[in-house]
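Structural description and commentary
Take a look at the letters that make up each chain.
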Amino acid sequence: MPLANRLCLCSGRLIGIFYLLGCIASAHATVSEFTADSVYAQALQIEKEVALLKRFTDNATVIAYTPVKADLKPSHIWQKAYEIQLKLSIFRHRQGLPGFSPVTREPELNVSLRATWGQMLRTQAEITSIKAYLGIQEMVTPAAPVQGKRLIDVFDKLNQISYELDSLNGEAIGPRYIYAQVIRFNEDVNAILHKTRTEDTAVPPPGKPDASIQDLLAATFSLLSDVQRLQRQLGIATTDFGEFRKTDKVASPDVFNLVILCLTELETIKAQLE
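Presented here is a report on the structure given in the accompanying data block. Treat the numbers as computed from the prediction; the structure is a model and nothing was measured.

**A closer look at the overall build of the protein**
For the protein, the helix and strand inventory stands at eight helices and zero strands. Taken from the N to the C terminus, the helices and strands of the protein come in the order α-α-α-α-α-α-α-α. Taken across its 274 residues, the protein has 52% of its residues classed as buried. Residue pairs at least 24 apart in sequence account for 91% of intrachain contacts in the protein once pairs closer than 6 positions are excluded. Element-wise, carbon and sulfur atoms account for 53% of the exposed surface of the protein, whose accessible area totals about 13100 Å².

Written out as structure tokens, the structure is:
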């Protein structure tokens, strides 16, 4: 099934869940001893390691990155680190090494900065493994401590690193990787349908084999809208992702990023439904 149709089908199937969910008490937020500053410093360390990999592969491409302005949560940072792990797996394949599956986690209503820190450490460990395989003995210096950073600053730094990895891999993450994440989303919807005993009456939309990248982004925003309707019905706070809406110069990483964010938001629903 074309990717745009798969996204639309997921939205259609979510609609059937809306009327069968009651309000469920919210879980308490996890208190974390870590701060945005400490997580940002870890991101700087990863940035240094990626720069080293680029030097090793004689990649001198300079990435122009525009920061986003959004009120994001630790869960979104965690998922961005997941994205970086996926791109590191792609890099391994390109170097003739076996790939790996990025670390996932059990659904949580509120992801702590402690969990985000752990995800960053896993990312760092994977880079260390890659360097050992490739015989890179050079070590990067420790990142200097920082102060006054916000969660959006951490997300921006990881997003910038993600684009650097696209450069390292020689191409932006493409439709087949987006499709794989949509399949993950579809399986989560299946689990919610089963949990709520909702009959699946969604009908696949007509095929659109000529769907553009703009169509894919629009379909993903439609899917996100349905997820947020479910969140509001369950009393879960939603996030404004308007900053990620684009009408021109849309590229596959824009769609991939939004699909990843959709998955992050769906995790809160899964957690609420236990």
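**Quick notes on the nonpolar core**
With 73 residues, the main nonpolar core has Leu53, Phe155, Leu158, Phe185, Phe244 and Ile269 as its most contacted residues. Elements that contribute at least two residues to this core include exactly α2 (36-56), α3 (74-94), α4 (113-134), α5 (151-169), α6 (175-196), α7 (213-233) and α8 (252-272). Sort the elements by how many residues they give to this core and α8 lands first, with ten residues.

**Let's talk about the packing of aromatic side chains**
Under the defined criterion, the tally for this structure stands at four aromatic pairs. Each ring, one from Tyr65 and one from Tyr163, has its centre 5.9 Å from the other, and the planes form 45 degrees; the classification is tilted. Placement of Tyr65 in the loop between α2 and α3 and of Tyr163 in helix α5 is noted, with a sequence separation of 98 residues between them. For Tyr163, a relative accessible area of 26% translates into the label partly exposed. Where Phe155 meets Phe244, the ring centres are 6.1 Å apart and the plane angle is 80 degrees; that geometry is what we call edge-to-face. Of the two residues, Phe155 sits in helix α5 while Phe244 sits in the loop between α7 and α8, which places them 89 residues apart along the sequence. The exposure classification of Phe155 matches that of Phe244, with both residues buried. Among the aromatic side chains, those forming a connected cluster through ring pairs are Phe155, Phe241 and Phe244. Sitting over the face of the ring of Trp78, Arg105 holds its NZ or CZ atom 4.9 Å from the ring centroid. Of note, Arg245 hangs over the ring of Phe221, and the distance from its end group to the ring centre comes to 3.9 Å.

Cut-offs used in this document
Residues numbered from 1 in each chain as written. Predicted model: local features only at pLDDT ≥ 70, side-chain atom pairs only at ≥ 80, totals over all residues. Heavy atoms only, no water. Helix = DSSP H or I, 4+ residues; strand = E, 2+ residues; numbered from the N terminus. Buried < 20%, exposed > 50% of the residue type's maximum accessible area, 1.4 Å probe, protein only. Contact = heavy atoms within 4.5 Å. Areas by Shrake-Rupley, 256 points an atom, 1.4 Å probe, with all protein chains shown as cover. Core = buried A, V, L, I, M, F, W, Y, C linked by side-chain atoms within 4.5 Å. Phe/Tyr/Trp six-rings, centres within 6.5 Å; stacked < 30°, edge-to-face > 60°. Lys NZ or Arg CZ within 6 Å of the ring centre and 35° of its normal.

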